[in-house]
Amino acid sequence: MIIGVPKEIKNNENRVGLTPSGVVELVKNSHTVYIQSDAGKASGFYDNQYIAAGAKILLAIEDIYHVSEMIIKVKEPIEKEYSLIKQGQIVFTYFHFASNKKLTQAMVNSGAICIAYETVEENDRSLPLLVPMSEVAGRMSIQQGAKFLEKPLQGKGILLGGVPGVPPAKVLIIGGGVVGTQAAKMAAGMGASVNILDIDMKRLRYLDDVMPANVTTEFSSAYTIEKNIKEADLIIGSILIPGAKAPKLVTADMLKKMSPGTVLVDVAVDQGGCFETTKPTTHENPTYIIDGIVHYSVANIPGAVPYTSTLALTNVTINYALQIANKGWSKACSENTALKKGLNIINGKIVYPAIAKAFELNYTKVDSFGEPPVVA
């Protein structure tokens, strides 16, 4: 198969879809890999490293899309890329369709095979291609939250861990999944007083067992959320419903119950955000203020640490990419139920129910499709 890796052109997206190590694995399996020139530079991977690994370098993004049967990238295609995607072309990346109707319609119109990292799901309901970026985002949510609690950045002026004789900041984490767990580890390690809310009692029991003494757990409800936000200094939104929009658990009215300078970090922004006042921001302009409350809602948090993130991502995507390249998408997905759940759009049809539901569009069962037409 001919595989292409374009340079990411989303604002301040420094990651790349494949490391030189990943190229070696694909080339070893007799596949041809094209890398756009300087695609990996911001992540610390250079053209000469890709060439040594067996890849071929192309200068223009248009050429990458033109020659490739499968595109491997990090973030969803943006408008400049829509017209470059061809019928029957496999696009393997994070899509987060349920929060972006324009992207969804563009991919439907393209006739491409859209396999979303974030909905690849194992039988135990784990999300293997989302986990590493969730780990990075969870840890970074605390780094960024601690930074924006500083007074020059409009925060309360509170040091997350406090000092002897001065109490630490109070961190509220809504959602005890991968993001919430990693956020709690970081916040606890910095000495903060941490409270995790979740609706899964089994998860809360686990977290209660493994977390240090400065982390408490509480069953999540509208009541407990409203109670905790009044005292919290930093609130992390880490809710995930695979492939679907995140529920709005913190309303605009609740902002008035928080003290000025409270920081909200919405890690669920890719799925529409779990705060009603969330709107996507960038690393260039990461925050905005509403009712005195600092909102941090960067849509690609791991892009700020691209070396770590790119290595972590390729570690988990490469085996799935190899299955698709070796067998074709249809056979690979029929033999791997986790990968099959990654299928979101096929030949102009939405095959992931949560996406169709989000925009009231037609849904087609994934089992009705065979191999795609050959890409010219």
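Residues numbered from 1 in each chain as written. Predicted model: local features only at pLDDT ≥ 70, side-chain atom pairs only at ≥ 80, totals over all residues. Heavy atoms only, no water.

1. Considering the overall build of the protein
Using the following cut-off: Numbering goes from the N terminus for both helices and strands, where a helix is a DSSP run of H or I of at least four residues and a strand is a run of E of at least two. In this setup the radius of gyration rests on C-alpha atoms only. A globule is expected at 2.2 Å times the number of residues raised to 0.38. Any residue under 20% of the maximum accessible area for its type is buried, any over 50% is exposed, and the rest in between are partly exposed; the area is computed with a 1.4 Å probe on protein chains only. Contacts: residue pairs with any heavy atoms within 4.5 Å of one another. Only the protein chains shown count as cover for residues, and the accessible areas themselves come from Shrake-Rupley with a 1.4 Å probe. Counted as positive: Lys and Arg. Counted as negative: Asp and Glu, with His and the chain ends omitted from the count. The atoms used to mark charge sites are NZ of Lys, CZ of Arg, CG of Asp and CD of Glu.
Each helix and strand in the protein was counted, giving 13 helices and 15 strands. Here the C-alpha radius of gyration of the protein, 21 Å, is about what a compact globule of 376 residues would show, namely 21 Å. The principal-axis extent of the C-alpha atoms belonging to the protein is close to 65 × 45 × 35 Å. Taken across its 376 residues, the protein has 55% of its residues classed as buried. Considering only residue pairs separated by 6 or more positions, the protein has 64% of its internal contacts joining residues 24 or more positions apart. In the form shown here, the protein has an accessible surface area of approximately 15,800 Å², with 53% of it arising from carbon and sulfur atoms. On the protein, the mean spot of the 36 positive side-chain charges and the mean spot of the 35 negative ones are 2 Å from each other.

2. A word on the nonpolar core
Most often, soluble globular proteins have nonpolar side chains that are buried together. Spelled out, the test is: Think of a nonpolar core as a cluster: buried Ala, Val, Leu, Ile, Met, Phe, Trp, Tyr and Cys residues, connected wherever their side-chain atoms sit within 4.5 Å.
Residues Phe92 and Val171 are the most contacted members of the largest nonpolar core, which totals 76 residues. Top element by residues in this core is helix H10 (residues 306–327). It accounts for eight residues. Among all residues touching Phe92, those that are not within four sequence positions of it are Met70, Ile71, Ile72, Lys73, Ile115, Tyr117, Leu129, Thr317, Tyr320, Ala321, Ile324 and Leu339. Residues Ile64, Ile350, Tyr352 and Ala356 belong to the second largest nonpolar core, which totals 27 residues.

3. Some points on a nonpolar patch on the surface
The condition is simple: Within the patch definition used here, like charges are joined within 9 Å and nonpolar side chains (Val, Leu, Ile, Met, Phe, Trp, Tyr) within 5 Å, considering only residues with over 30% relative accessible area and no salt bridge. Only one rule defines a salt bridge in this text: a Lys or Arg side-chain nitrogen within 4 Å of an Asp or Glu carboxyl oxygen.
A contiguous nonpolar surface patch, about 280 Å² in accessible area, is contributed by Leu159, Val163 and Val166. Note that Leu159 resides in the loop between helix H6 (131–148) and strand S7 (170–174).

4. A few points about the pattern of salt bridges
Counted by the stated rule, this structure contains 16 salt bridges. Taking the shortest distance from any N to any O, the salt bridge between Glu79 and Lys102 comes out at 3.1 Å. Of this pair, Glu79 sits in helix H4 (residues 79–82) while Lys102 sits in helix H5 (residues 101–110), and the two are 23 residues apart along the sequence. Linking Asp367 and Lys340 is a salt bridge whose minimum nitrogen-to-oxygen distance equals 2.5 Å. With Asp367 in the segment after helix H13 (353–359) and Lys340 in helix H12 (residues 337–340), this residue pair connects regions lying 27 residues apart in the sequence.

5. Focus on the environment of Ile229
Looking at the element boundaries, Ile229 is found in helix H9 (residues 222–229). Taking the relative accessible area as the measure of exposure, Ile229 reaches 0% and is therefore buried. For the pair formed by Ile229 and Ala42, sequence separation is 187 residues and the distance between their alpha carbons is 38 Å. Dropping the residues within four chain positions of it, Ile229 is found in contact with Leu172, Ile235, Met254 and Met258.

6. Some thoughts on unusual backbone geometry
Phi is positive for Asp38, close to 70°, though the residue is something other than glycine. Turning to its location among the elements, Asp38 is positioned in the loop between strand S2 (32–36) and helix H2 (47–53). Assessed through its relative accessible area of 33%, Asp38 is described here as partly exposed. Its identity as a non-glycine residue notwithstanding, His96 has a phi of 50°, on the positive side. Here His96 lies in the loop between strand S5 (90–93) and H5.

7. Re the packing of helix H1 (residues 20–28) against H10
Inclusion rule: As a rule, the C-alpha atoms of each element are fitted with a line to give its axis, helices using only the stretch in contact, and angles between N-to-C directions run from 0 to 180 degrees. Here roughly perpendicular refers to angles of 65 to 115 degrees, roughly parallel to angles under 35, roughly antiparallel to angles over 145, and oblique to all remaining angles. Left-handed describes a crossing in which the near helix is turned anticlockwise from the far one by less than a right angle; the clockwise case is right-handed.
For the pair H1 and H10, the least separation of the axes is 10 Å and the interaxial angle reads 20°. On the basis of their axis angle, the class for H1 and H10 is roughly parallel. With respect to the hand of their crossing, H1 and H10 are arranged in right-handed fashion. Contacts between H1 and H10 involve Gly22, Glu25 and Leu26 on the former and, on the latter, Thr314, Ile318, Leu322 and Ala325.

8. Brief notes about the packing of aromatic side chains
Filter applied, for reference: The aromatic pairing rule takes the rings of Phe, Tyr and Trp, using the six-membered ring of Trp, and pairs them if the centres are within 6.5 Å, calling planes under 30 degrees apart stacked, those over 60 edge-to-face and the rest tilted.
For the structure shown, the criterion picks out five aromatic pairs. Look at Phe45 and Tyr307: their rings are 5.6 Å apart centre to centre, the planes differ by 25°, and that puts the pair in the stacked class. With Phe45 in the loop between S2 and H2 and Tyr307 in helix H10, the pair connects residues that are 262 residues apart, well separated along the chain. One aromatic cluster is present, built from ring pairs that chain together Phe92, Tyr94 and Tyr117.

9. Some thoughts on the confidence of the model for the protein
For clarity, the threshold we go by: Here pLDDT means the predictor's own confidence in every residue, given as a number from 0 to 100.
Mean pLDDT over the protein stands at 95; residues scoring 70 or higher make up 98%. For residues 372–376, every residue scores under 50 in pLDDT, and the model assigns this stretch 14 contacts once sequence neighbours within four places are set aside.

10. Comments concerning the sheet that holds strand S15 (residues 349–350)
Put simply, the rule reads: Here, a strand pair is defined by DSSP locating no fewer than two bridges between the strands.
Taken in spatial order, the eight strands line up as S3-S2-S1-S4-S5-S6-S14-S15 in an open sheet, and their pairing is mixed. Each edge of the open sheet is held by one strand with a lone partner, namely strand S3 (56–58) and S15. Here two bridges tie strand S1 (residues 2–5) to strand S4 (residues 70–72), and the two strands are oriented parallel to one another. Each bridged residue has a counterpart across the sheet, and for Ile3 the counterpart in S4 is Met70. Helix-sheet contacts for H1 involve S1, S2 and S4, and the interaxial angle to S2 is about 150°. Here H5 sits on the sheet and contacts strand S6 (113–116), strand S14 (343–346) and S15; the angle it forms with S14, its principal contact strand, is near 55°.

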